[in-house]
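One letter stands for each residue in the lines below.
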Amino acid sequence: MEILKGVGASKGIAIGRLLFYTASPYKVEKKNVEDTVAEQQRFEEARQKAIDSLNRIYEKALLEIGEEDSLIFQIHAMMLDDLDYVENITGLIANEKVNAEYAVSETAKQFAAMFSSMDDEYMKQRSADVFDVSKSLVRELASIKEQSLDDITGQVIVAADDLMPSETVQLDKSKVLAFVTRSGSKISHSAILARTMGIPAVVGLDNAFDSLTDEGSVIVDGFTGSIYVEPDCETMEQFTQRREEYLLSRKKLLELKDKPSETLDGIKIEINANIGHPSDITLVQENGAEGIGLFRSEFLYMDSDDFPTEDTQFAVYKEILTRMKGQRVIVRTLDLGADKHVPYFNISNEDNPAMGYRAIRICLTRPEIFITQLRALLRASVYGRLAIMVPMVTSLDEVLKTKEIIEAVKAQLKVEGIEYADHFEFGIMIETPAAVMISDILAQHVDFFSIGTNDLTQYTLAVDRMNHTISHLYDPRHLAVLRMMKLTVENGKKHGIWTGICGESAADLELIPTFLAMGVEELSVTPTAVLDVRQKVCETNLNECRADILQRLDSGISR
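What this report covers is the structure whose coordinates are included nearby.

Thresholds applied
- Residues numbered from 1 in each chain as written.
- Predicted model: local features only at pLDDT ≥ 70, side-chain atom pairs only at ≥ 80, totals over all residues.
- Heavy atoms only, no water.
- Buried < 20%, exposed > 50% of the residue type's maximum accessible area, 1.4 Å probe, protein only.
- Helix = DSSP H or I, 4+ residues; strand = E, 2+ residues; numbered from the N terminus.
- Pairing = 2+ DSSP bridges.
- Polar contact = N/O pair within 3.5 Å; in protein donor to acceptor, adjacent residues only side chain to side chain.
- Contact = heavy atoms within 4.5 Å.

**A look at the pairing of strand β7 (residues 217-221)**
Summarising burial for β7: four of the five residues are buried, a large majority. As paired strands, strand β3 (residues 13-20) and β7 are joined by five bridges and run antiparallel to one another. By the bridge assignment, Arg17 is partnered in β7 with Ser217. Bridge count between β7 and strand β8 (residues 226-229): four bridges; the pairing is antiparallel. When the sheet's bridge partners are listed, Val218 is paired in β8 with Val229. Connecting the antiparallel pair β7 and β8 is a turn made up of four residues, with Gly225 showing a positive phi of about 80°.

This is the structure we're talking about:
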């Protein structure tokens, strides 16, 4: 038996046979080209194909692993749109009369070297992003067909020199027990994705990787970063037991499925799930969520080649409300723009789309689209407990105009003899500093607040999450962000409305006591995080920690 040491990137224990995943061999060669215009066009076509591919992966990942962890694919697509990157490649083609593959490869080396020379470890890791993006581009240029993991028989542990995020996110969890790689780090995007997907992983084996053989028997310990090659009987028994203990601990979480989300001192919290498709409801129910705190209705538009009709939307909303059997379903109205694009909307490119034409701004300037959605929602409201939530609010006027449109839709439905619920909750997302600062006013016109921590963090800290050069400054635990949240909750309570959190921070186990101390009454997370969050809530005694947490926030200590 041989013990190899790497970096434990995703916890868990896996025992099985190795399957080597090898990228198709391709050596970039420098070639002279005479028609540089045609070569630049060939590059442009490949670039667009690579962007389209990344956007498809992003949309798939959004549904399966959530918004925050899917963001890397949007960042990679944006890197392919980066003017410096593109002009460097086209300049090499034009000035040195070289083939596009070589120009891409050389540009990747230059940009990666720039990141690698930086002192910050996070920024050093961005060099890997440059190589990932460029590798995808070269694949398109060379029409390379990669090895597929779809044909795996049985269960395996994947071994590779490295895995790109696009390869990691498409791993089939029913077949892939774990993965190990020669390169990589704990903060690489593939490692982050592995943790989100619940796949044990050991990375950064370096030369020790050469000791692995295809079809060899190994134990992968994602906790310590150790790999046991051809383990002896004693080691096999030991890790089989450890694996069973770990799986048992996960199984015990299931015992919380039907238990109330209540702190040790009797404070009840509602724990809901974020979803993007009706098919997610099975996972919602398997994990014991108490409702749906965020249904991302924009996926109805993103999955369609044209504007979804009222009847199409009605059928989806009806299905969700019916299947949730009286539990609250909060539907976020159309939230397109920024990082979510739909061609048939014909929204022009913007220099700063995160602060541009998006969400409620689209709905209020294109009321025919908004009215179609609201009609479908109101028609479906009789089939369950509906709540409608409006994103990206920055003013009272937006709230009042939305409520006017809803009342007009109600009146129209009544004239047509179409039934709708007498009452449903109406809320807004608090995800801009503007909304926070006027939350005392907004609270008088809505039934609830739901804090979208992703955008609130971005706007509060002036950090574009999709700008890879500064995204390491994005910090949901920043004192300014936490104080924004605290003020929102306080203003909601003053006017008798509840406040929840539906952003990624809602699943941050270390922050949950802070949220509860603030007075947050609802947390909405990805379905697979529901039980972990419930366990944390049930282990918390607010009487013992509330005063200390609030004092720390007031005194300027966020952690």
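**A word on the environment of Asp554**
Position of Asp554 among the secondary structure elements: in helix α21 (residues 542-555). Overall, Asp554 belongs to the exposed group, its relative accessible area being 53%. Distance in space between the C-alpha atoms of Asp554 and Leu212 is 54 Å, their sequence separation being 342 residues.

**A word on the side chain of Asp455**
Locating Asp455 in the fold gives a position in helix α17 (residues 453-461). Separated by 3.1 Å, the side chains of Asp455 and Arg358 make a polar contact.

**Considering the environment of Ile320**
Structurally, the position occupied by Ile320 is in helix α11 (residues 310-323). As for Ile320 and Lys252, which are separated by 68 residues in sequence, their C-alpha atoms are 28 Å apart. Ile320 has contacts with Pro278, Ile281, Ile292, Phe295 and Val329, leaving out every residue within four places of it along the chain.

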